[in-house]
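What the coordinates show
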Amino acid sequence: MCVPVLGLGAKAGGLFLGSLGLNLATGLAQRSAAQAAADQTYQSALIANRSAEQSFTAQQEATADQLKETRASSAQEKLAKTIRGLQARGAIRANEQAGLTVNLLLADAERQAANAREAINQSLESATRQYTRNISGLEAQRDGRRNQLQSNINQAYNQIPSLGSIILNTATQGLSAYGQLTA
């Protein structure tokens, strides 16, 4: 049984109300689909963020291990240079010579050993600075991935139509249909 609506006949009024109902249902279905897509984007972003964190941790540990190995190697090299310097000085003293020449030779051997140790220290400092730069780069890479994931989530949730826009769109379509039916 159809009832006249807004001055329309019973049949036209029924079609008008049916059209409004379908428009509202379509809008709500689109909202639900957009919400589900946004939720899926969020879940995917959580997984991707976990992966980014794991990757960052693994790369950071590998970089730290590399620095640790460099430090250990440098310590061994410094010890070897110190021993060579002591051996050189011992060899000079073993010659049983005395005087200015021996003192110059001893000073030269000490200077060579010190220069070698300083070169190792500088290489180690350079490796430490490179480690810091590498970690900063890894952090920037991780943060960039996080920002992109957050941007994807924001875009997905921004695609969800509000209830107000669905109602307004339904009313606009209803007014347009009403105008066509009364014309």
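Structure: above.
Described below are features of the structure shown in this document. (Residues numbered from 1 in each chain as written. Predicted model: local features only at pLDDT ≥ 70, side-chain atom pairs only at ≥ 80, totals over all residues. Heavy atoms only, no water.)

Considerations on the overall build of the chain
- A tally of helices and strands in the chain yields 3 helices and 0 strands.
- Reading the helices (α) and strands (β) of the chain from amino to carboxyl end gives α-α-α.
- A compact globule built from 183 residues should have a C-alpha radius of gyration of about 16 Å, whereas the chain, at 39 Å, is more than 25% larger.
- Taking the principal axes of its C-alpha atoms as reference, the chain extends roughly 130 × 25 × 15 Å.
- Scored against the burial criterion, the 183 residues of the chain give a buried share of 19%.
- For the chain, restricting intrachain contacts to residue pairs at least 6 apart in sequence, the fraction spanning at least 24 positions comes to 80%.
- Summed over its atoms, the accessible surface of the chain is roughly 12400 Å², and 55% of this surface lies on carbon and sulfur atoms.
- Separation of charge centres in the chain, based on 17 positive and 13 negative side chains, amounts to 5 Å. (Helix = DSSP H or I, 4+ residues; strand = E, 2+ residues; numbered from the N terminus. Rg over C-alpha atoms; globule rule 2.2 N^0.38 Å. Buried < 20%, exposed > 50% of the residue type's maximum accessible area, 1.4 Å probe, protein only. Contact = heavy atoms within 4.5 Å. Areas by Shrake-Rupley, 256 points an atom, 1.4 Å probe, with all protein chains shown as cover. Lys, Arg positive; Asp, Glu negative; His and termini not counted. Charge placed at Lys NZ, Arg CZ, Asp CG, Glu CD.)

A short note on the environment of L104
- Secondary-structure assignment places L104 in helix α2 (residues 100-158).
- Residues L104 and A88, 16 residues apart in the sequence, show an inter-C-alpha distance of 13 Å.

Regarding the pattern of salt bridges
- Considering all chains together, one arrives at 7 salt bridges under this definition.
- Between E110 and R117 there is a salt bridge; the shortest N-O distance is 3.4 Å.
- Residue classification places E110 among the partly exposed residues on the basis of a relative accessible area of 31%.
- The partner of D143 in a salt bridge is R146, with the nearest N and O atoms 3.9 Å apart. Of the two residues, D143 and R146 both sit in helix α2, 3 residues apart, roughly one turn of that helix.
- Using a relative accessible area of 30% as the deciding quantity, one classes D143 as partly exposed.
- In the salt-bridge network here, residues are joined through shared partners; they are E53, R142, D143 and R146. (Salt bridge = Lys/Arg side-chain N within 4 Å of Asp/Glu carboxyl O.)

A closer look at the side chain of T170
- Inspection of the secondary structure puts T170 in helix α3 (residues 163-182).
- Among residues more than four places away in sequence, those in contact with T170 are L20, N23 and L24.

Regarding the environment of K78
- With respect to the secondary-structure elements, K78 resides in helix α1 (residues 10-94).
- Taking the relative accessible area as the measure of exposure, K78 reaches 28% and is therefore partly exposed.
- For the pair K78 and A114, spaced 36 residues apart in sequence, the C-alpha to C-alpha distance is 9.3 Å.
- With residues near it in sequence (within four places) discarded, K78 still touches R117, I120 and N121.

Considerations on a nonpolar patch on the surface
- A grouping of L24, L28, L163 and I167 is seen on the molecular surface, where their side chains present a nonpolar patch of about 340 Å² in accessible area.
- If you list the elements that add at least two residues to the nonpolar patch, you get α1 and α3.
- With respect to the helices, strands and loops of the structure, L28 is situated in helix α1.
- Residue classification places L28 among the partly exposed positions, given a relative accessible area of 38%. (Patch = residues over 30% accessible without salt bridge, like charges linked within 9 Å, V, L, I, M, F, W, Y side chains within 5 Å.)

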